[in-house]
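Descriptive structure summary
Here is what each chain is made of, one letter per residue.
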Amino acid sequence: MKRRIIAIVLATGMLCGCSTSADTVKEEKAVAAEEEGNDAAGEEESANVSDEGVVTLDWWTDFSWYYSDNWEGIIPEEITRATGVACEVTRAADSGQLNLMIASGELPDIIWCDNGSGAVDRLCDSNLCYSYNELIEQYGIDWEVSPERIYVARTHNIDEADENFYTILQNYLSEEDWADNEVGCPINIAGLYYRKDIWEELGCPEMNTVEQIKEVMAMVKDKYPDMQVINAGNSGWRLGGFANWFDAGGNTDFRYDKDGNVAYGATLEGYHDYMKCMNEFFRNGYFTEESLALTVEADAQQQATSGKSFIYEWNARPTWLEELNTKTREVIPEAEWAFLSIPDDAKEIPYSQSGWAGLFISKNCKDPEAAIRLIAYLNSEQGQKLSLWGREGIDYEMDQNGVPQFSEEWKEANKDITVMSELYNPNYFCTTELHEILQYYSGVDQEVIDMFTRNADKIKMNLELSLAAPKTTSDAGIIYSKIKEASGAETTKLITAATEEEFEKLFEEYMELLDKIGVQELNKNVTETIRRIKADLGA
């Protein structure tokens, strides 16, 4: 789901329409660039490379959803200026192409692929790809990769004894980055949005704690009996925002128990409390069984934007709050959505983001030195900011909170994804999740920033938890797959139980089913795995 979201959010202002054509904006920027002179690109003159010295590599993008399939625009041109490397980009037509290419050995120079597709594991193979560390040493590349990221990369090696690393997983979020950040929420945290105008009609009751929010829900149900108090139809998040209240949320199936062991989340006390609360909401009539059956996000969103819901669940980001407001006001001009901040008494929320995409240099690469030089630059702070935000001093300036504030030209182009991709062509190849987070808060009112940032310190980064899931072919991996397969139907039964007594009976049966499948063996396996990982990392 996140992959599809990225293509959408690049046009954060798309809802407002775009009166400026790509050609018009290009002409304006060309004039501005000429007036600024060559130094305005933000690169040192010594870093510039003439067209005659440019190496062109084949770049395979294994994401059929990705918005761009070319190396054209201001940002790619600036990357080429800095590195001397350009790319001929090919975008996958479907999810099966890369596997066929791997099987045939007919790989392009550089491959960008999804960590969740299985391709990363297959490409971490010395027979197919160059290792980063050997190329860095061979060509004297000035790039020191952190031990944590190297460790994560090595966990994907097809040969567990292989000490090399063949990629660095991108779009990660480190504990240090998150600890130093003071703005916003991680990308994959489910957010709860509520109708602020309805809340104001109720007299603006406090909504700072879980119980206070429950009281407001009851008030909405009483005053607006035909309204869905909670829209439970978004299949991408399905009540996940409420899980953050009960030590059952975050973005990982595994979490630490009170004794410091790692366990599948459904076996811990927080999950029972979360499911019990969702069942209470269902029995109170806050959402229907029909809404739980919705599988298309757009259907759920249409309910919310047509005025039929008080709480709607979506990604926690200001751009989506703006989209909710824009769409709803087309039907109800006076409507206003706001973000429901994490309650003061919510539990700790584990979050783990070691990266969702990897770049590989195949053994077929015509110029591996140019490839590793390009990838090293894209992983630098300068390269990461340029890739996603454009040129500092021209396309954006950093404010006191570390948030990029974009130029009027950038914001105008960003109203239309076609204009944005043709003119600038920003990318996510080697950026971090923090870079992506910060861009959503550009130009946002402080009141809105505070909504998303309040209690964000409850979100705890645990890099190792992203590595807890066992390999699918192992005994523990087979158990894990069976548990996940069973969880959907069991969760629905718990949520829709007719009475509290029936809920407790069904919950006990679910725990017995997990035990029968082998959840205790799974918990033991992941605990041992995490202890080994932490020891390896010196944690």
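Residues numbered from 1 in each chain as written. Predicted model: local features only at pLDDT ≥ 70, side-chain atom pairs only at ≥ 80, totals over all residues. Heavy atoms only, no water.

Focus on the overall build of the protein
Across its full length, the protein carries 24 helices and 14 strands. A globule of 539 residues ought to have a C-alpha radius of gyration of about 24 Å, and the protein, at 24 Å, matches this closely. Overall, the C-alpha framework of the protein stretches about 75 × 55 × 40 Å when taken along its three principal axes. Per-residue burial over the protein gives 56% buried out of 539 residues. For the protein, the computed accessible surface area is about 23,400 Å², with 45% contributed by carbon and sulfur atoms. Between the centroid of the 45 positive side chains of the protein and the centroid of its 100 negative side chains there is a distance of 6 Å. (Helix = DSSP H or I, 4+ residues; strand = E, 2+ residues; numbered from the N terminus. Rg over C-alpha atoms; globule rule 2.2 N^0.38 Å. Buried < 20%, exposed > 50% of the residue type's maximum accessible area, 1.4 Å probe, protein only. Areas by Shrake-Rupley, 256 points an atom, 1.4 Å probe, with all protein chains shown as cover. Lys, Arg positive; Asp, Glu negative; His and termini not counted. Charge placed at Lys NZ, Arg CZ, Asp CG, Glu CD.)

Things to note about the environment of Gln 97
On the secondary structure map, Gln 97 appears in helix α4 (residues 97-104). Residues Gln 97 and Asp 226, 129 residues apart in the sequence, show an inter-C-alpha distance of 49 Å. Excluding residues that lie within four positions of it along the chain, Gln 97 makes contacts with Trp 60 and Ala 92. Engagement of the side chain of Gln 97 in a polar contact is seen with the backbone nitrogen of Ala 93, the distance being 2.4 Å. (Contact = heavy atoms within 4.5 Å. Polar contact = N/O pair within 3.5 Å; in protein donor to acceptor, adjacent residues only side chain to side chain.)

Re the environment of Glu 211
With respect to the element layout, Glu 211 can be found in helix α10 (residues 210-223). Note: C-alpha distance between Glu 211 and Ala 232 (21 residues apart in sequence) is 20 Å.

Focus: the packing of aromatic side chains
Counting across every chain of the model gives 39 aromatic pairs. With a centroid separation of 6.2 Å and an interplanar angle of 50°, the aromatic rings of Trp 112 and Trp 356 are classed as tilted. Residue Trp 112 is located in strand β3 (residues 110-114), and its partner Trp 356 is located in the loop between β10 (349-351) and β11 (357-361); the two are separated by 244 residues in the primary sequence. Judged by relative accessible area, which is 0%, Trp 112 ranks as buried. When the centroid spacing of 5.2 Å and the interplanar angle of 45° are considered together, the rings of Phe 254 and Tyr 480 count as tilted. Of this pair, Phe 254 sits in strand β6 (residues 254-256) while Tyr 480 is found in helix α22 (residues 475-495), placing the two residues 226 residues apart along the sequence. Judged by its relative accessible area of 12%, Tyr 480 falls in the buried class. (Phe/Tyr/Trp six-rings, centres within 6.5 Å; stacked < 30°, edge-to-face > 60°.)

A short note on the environment of Pro 205
Structurally, Pro 205 is set in the loop between α9 (196-201) and α10. Taking the C-alpha atoms as reference points, Pro 205 and Lys 223, separated by 18 residues in sequence, lie 14 Å from one another.

Focus on the sheet that holds strand β9 (residues 337-339)
Taken in spatial order, the four strands of this open sheet run β5-β8-β4-β9, and their pairing is mixed. The outermost strands of the open sheet, each flanked by one partner alone, are β5 (228-230) and β9. Recorded for the sheet is a direction-independent mean angle of 35° between the axes of neighbouring strands. Across five bridges, the pairing between strand β4 (residues 190-195) and strand β8 (residues 309-315) is antiparallel. The residue of β8 that forms the bridge with Ala 190 is Asn 315. Helix α14 (residues 297-305) rests against β5, β8 and β9 of the sheet, and its axis sits at about 140° to β8. (Pairing = 2+ DSSP bridges. Axes fitted to C-alpha atoms, helices over the stretch in contact; angles between N-to-C directions.)

Quick notes on the confidence of the model for the protein
Mean pLDDT over the protein: 89, with 90% of residues reaching 70 or higher. Note that pLDDT drops below 50 for residues 1-50; the model gives that stretch 92 contacts with residues more than four away or on any other chain. (pLDDT = per-residue confidence, 0-100.)

Things to note about α4
Among all positions in α4, only Leu 98, Met 101 and Ile 102 are buried. Buried residues along α4 cover an arc of 100° about the axis, so they all sit on one side. Summarising the geometry of α4, the exposed residues directed more than 90 degrees from the buried face are Leu 100 and Ala 103. Each element contacted by the buried residues of α4 is listed here: β1 (55-61), β3 and α5 (119-123). Once α4 finishes, Gly 105 follows within two positions and takes phi at roughly 80°, a positive value. (Arc of directions from axis to C-beta.)

What to know about the side chain of Lys 196
Mapping Lys 196 onto the fold places it in helix α9. For Lys 196, the side chain forms a polar contact with the side chain of Glu 447, separated by 3.4 Å. Setting aside anything within four residues of it in sequence, one finds Lys 196 in contact with Glu 336, Trp 337, Ala 338 and Glu 447.

Some words on the sheet that holds strand β2 (residues 85-91)
With mixed pairing, four strands are arranged side by side in an open sheet as β2-β1-β3-β11. Looking along the sheet, the strands with just one partner apiece sit at the ends: β2 and β11. Put simply, the sheet's adjacent strands are angled 25° from each other on average, direction ignored. With five bridges connecting them, β3 and β11 associate as antiparallel partners. Within β11, the position partnered with Ile 110 by the bridge is Ile 361.

A closer look at a negative patch on the surface
Where like charges cluster on the molecular surface, the negative patch consists of Glu 148, Glu 175, Glu 176, Asp 180 and Glu 182. In terms of residues, the negative patch owes the most to one element, helix α8 (residues 175-180), which gives three residues. Within the element layout of this structure, Glu 176 appears in helix α8. (Patch = residues over 30% accessible without salt bridge, like charges linked within 9 Å, V, L, I, M, F, W, Y side chains within 5 Å. Salt bridge = Lys/Arg side-chain N within 4 Å of Asp/Glu carboxyl O.)

Here we look at the pairing of β4
In terms of burial, β4 is largely enclosed, as six of its six residues are buried. Burial along β4 is two-sided: the residues Ala 190, Leu 192 and Tyr 194 and Gly 191, Tyr 193 and Arg 195 are all buried. With three bridges joining them, β4 and β9 adopt antiparallel strand pairing. Within the sheet, the bridge partner assigned to Tyr 193 lies in β9 and is Phe 339.

As for the side chain of Glu 433
You can see Glu 433 is positioned in helix α20 (residues 433-439). When its relative accessible area of 1% is taken as the criterion, Glu 433 is described as buried. If we skip the residues at most four places from it in the chain, Glu 433 touches Asn 171, Tyr 172, Leu 173, Pro 186, Ile 187, Asn 188, Tyr 351 and Gln 353.

Description of the pairing of β2
Strand direction decides the pairing type here: β1 and β2, joined by seven bridges, are parallel. Opposite Trp 59, over in β2, you have Val 89 as the bridge partner. With helix α3 (residues 74-83) bridging β1 and its parallel neighbour β2, the resulting β-α-β unit is right-handed. (Right-handed = clockwise from strand over helix to strand, strands pointing away.)

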